[in-house]
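Survey of secondary and tertiary structure
If you want the building blocks of each chain, they are given just below.
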Amino acid sequence: MNQQLWLYFLVVILGGAIAKELFVNPFMLVVIDLAILLILYLILSRYPFVDIKKSMYFLSFLTFITILVDVNIVPGILGYIIILGLLLWMIFRRDSGNGPKRPPLRHKWHK
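Residues numbered from 1 in each chain as written. Predicted model: local features only at pLDDT ≥ 70, side-chain atom pairs only at ≥ 80, totals over all residues. Heavy atoms only, no water.

1. Details of a nonpolar patch on the surface
For clarity, the cut-off: Exposure above 30% relative accessible area and no salt bridge define the residues that can form patches, which grow by joining like charges within 9 Å and nonpolar side chains of Val, Leu, Ile, Met, Phe, Trp and Tyr within 5 Å. Per-residue and other accessible areas were derived by the Shrake-Rupley procedure at a 1.4 Å probe size, with only the shown protein chains allowed to occlude residues. Any Lys or Arg side-chain nitrogen located within 4 Å of an Asp or Glu carboxyl oxygen qualifies as a salt bridge. For the purposes of this entry, the term helix denotes a DSSP run of H or I that reaches at least four residues, the term strand denotes a run of E that reaches at least two, and both are numbered from the N terminus.
A contiguous nonpolar surface patch, about 720 Å² in accessible area, is contributed by Phe-61, Phe-64, Ile-77, Leu-78, Tyr-80, Ile-81 and Ile-82. If you list the elements that add at least two residues to the nonpolar patch, you get helix H3 (52-70) and helix H4 (76-92). With 5 residues, the single largest contributor to the nonpolar patch is H4. Within the secondary structure layout, Phe-64 lies in helix H3.

2. Focus on helix H1 (residues 2-21)
Note: α-helices contain 3.6 residues per turn, so residues at a spacing of three or four share the same orientation. Short version of the rule: Under the convention used throughout, the expected extent of a helix is 1.5 Å for every residue step, that is, one less than its residue count. Relative accessibility decides the category of a residue: with a 1.4 Å probe and only protein chains considered, values under 20% of the type maximum give buried, values over 50% give exposed, and everything between is partly exposed. To obtain the arc, one takes the directions from the helix axis to the C-beta atoms. Whether two residues are in contact is decided by their heavy atoms, any of which lying within 4.5 Å being enough.
For H1, spanning 20 residues, the distance from its first C-alpha to its last is 29 Å, which sits close to the expected 28 Å at 1.5 Å a residue. Those residues of H1 lying buried are Leu-5, Phe-9, Val-12, Gly-16 and Lys-20. All buried residues of H1 lie within an arc of 70° about the axis, which places them on one face of the element. Pointing more than 90 degrees away from the buried face of H1 are the exposed residues Gln-3, Val-11, Ile-18 and Glu-21. The inward-facing, buried residues of H1 contact helix H2 (26-44) and H3.

3. Comments concerning the packing of H1 against H2
Cut-off, in case you're wondering: Note on geometry: axes are lines fitted to C-alpha atoms, helical ones only across the stretch in contact, with angles between N-to-C directions running from 0 to 180 degrees. For classification purposes, an angle smaller than 35 degrees is called roughly parallel, one larger than 145 roughly antiparallel, one from 65 to 115 roughly perpendicular, and anything else oblique. Two helices cross in a left-handed way if the nearer one is turned anticlockwise from the farther one by less than a right angle. They cross in a right-handed way if the turn is clockwise.
At their nearest, the axes of H1 and H2 sit 10 Å apart, and the two run at 170° to each other. Comparing their axes, H2 and H1 come out roughly antiparallel. You can see that H1 and H2 cross each other, and the crossing is right-handed. Between H1 and H2, the residues in contact are Leu-5, Tyr-8, Phe-9, Val-12, Ile-13, Gly-16, Ala-19 and Lys-20 and Leu-29, Ile-32, Asp-33, Ile-36, Ile-39, Leu-40, Ile-43 and Leu-44, respectively.

4. Observations regarding the pattern of salt bridges
Think of it this way: side chains of opposite charge can pair up when their charged atoms draw near. In the structure shown here, the tally under the stated rule is 2 salt bridges. Lys-20 is the partner of Asp-33 in a salt bridge, and the nearest nitrogen-oxygen pair spans 3.0 Å. Here Asp-33, found in helix H2, pairs with Lys-20, found in helix H1; they are 13 residues apart in sequence, far enough to count as distant. A relative accessible area of 18% places Lys-20 in the buried class. Between Asp-70 and Lys-20 there is a salt bridge; the shortest N-O distance is 3.0 Å.

5. Some details on the packing of H3 against H4
Between two packed helices, the angle of one axis relative to the other and the distance separating the axes together describe the packing. As a reminder of what qualifies: Each residue is assigned to one class: nonpolar for Ala, Val, Leu, Ile, Met, Phe, Trp, Tyr, Cys and Pro, charged for Asp, Glu, Lys and Arg, and polar for all the others, Gly among them.
In contact at an axis separation of 9 Å, H3 and H4 are set at 165° when each is read in the N-to-C sense. Taken as axis vectors, H3 and H4 run roughly antiparallel relative to one another. In this structure, the crossing between H3 and H4 has a hand that is right-handed. For the pair H3 and H4, the contacting residues are Phe-58, Phe-61, Leu-62, Ile-65, Thr-66 and Val-69 in the first and Gly-76, Gly-79, Ile-82, Ile-83, Leu-86, Leu-87 and Met-90 in the second. Along the lines of polarity and charge, the residues of the contact of H3 with H4 split into 10 nonpolar, 3 polar and no charged.

6. Examining the UniProt feature "transmembrane region" (unreviewed entry) in the protein
Using the following cut-off: UniProt positions are given in the numbering used here, feature names are shortened, and annotations may be inferred rather than shown by experiment.
When the UniProt feature table is mapped onto this chain, "transmembrane region" (unreviewed entry) is found at residues 29-49 and 61-92. Secondary structure across residues 29-49 divides into 76% helix and 0% strand, with the first and last C-alpha atoms of the span separated by 31 Å. From the first C-alpha to the last, residues 61-92 spans 18 Å; its make-up is 84% helix and 0% strand.

Rendered as structure tokens:
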């Protein structure tokens, strides 16, 4: 089920990227980005095991960065660096206290 969710996300984002290649007008690029965000929300709302609030914060931030890049407020490379930094922060951060905490890393020689 989780793989299916990621597949839907991939199809929507790639479809949006293809649609964005067809237009040069920054207004249409923003509309396409917001339509992608809406479609991703509709997909997420179908799955009860997903925390929609946190997921939509993350997706909204990504959409905000892509909109800034589309209207040339932020250079493309800086947008990519910001998104990469956000992804690395999500992967390597410690839990902020909400939900179950991850146990500290233990190796077999620490026993």
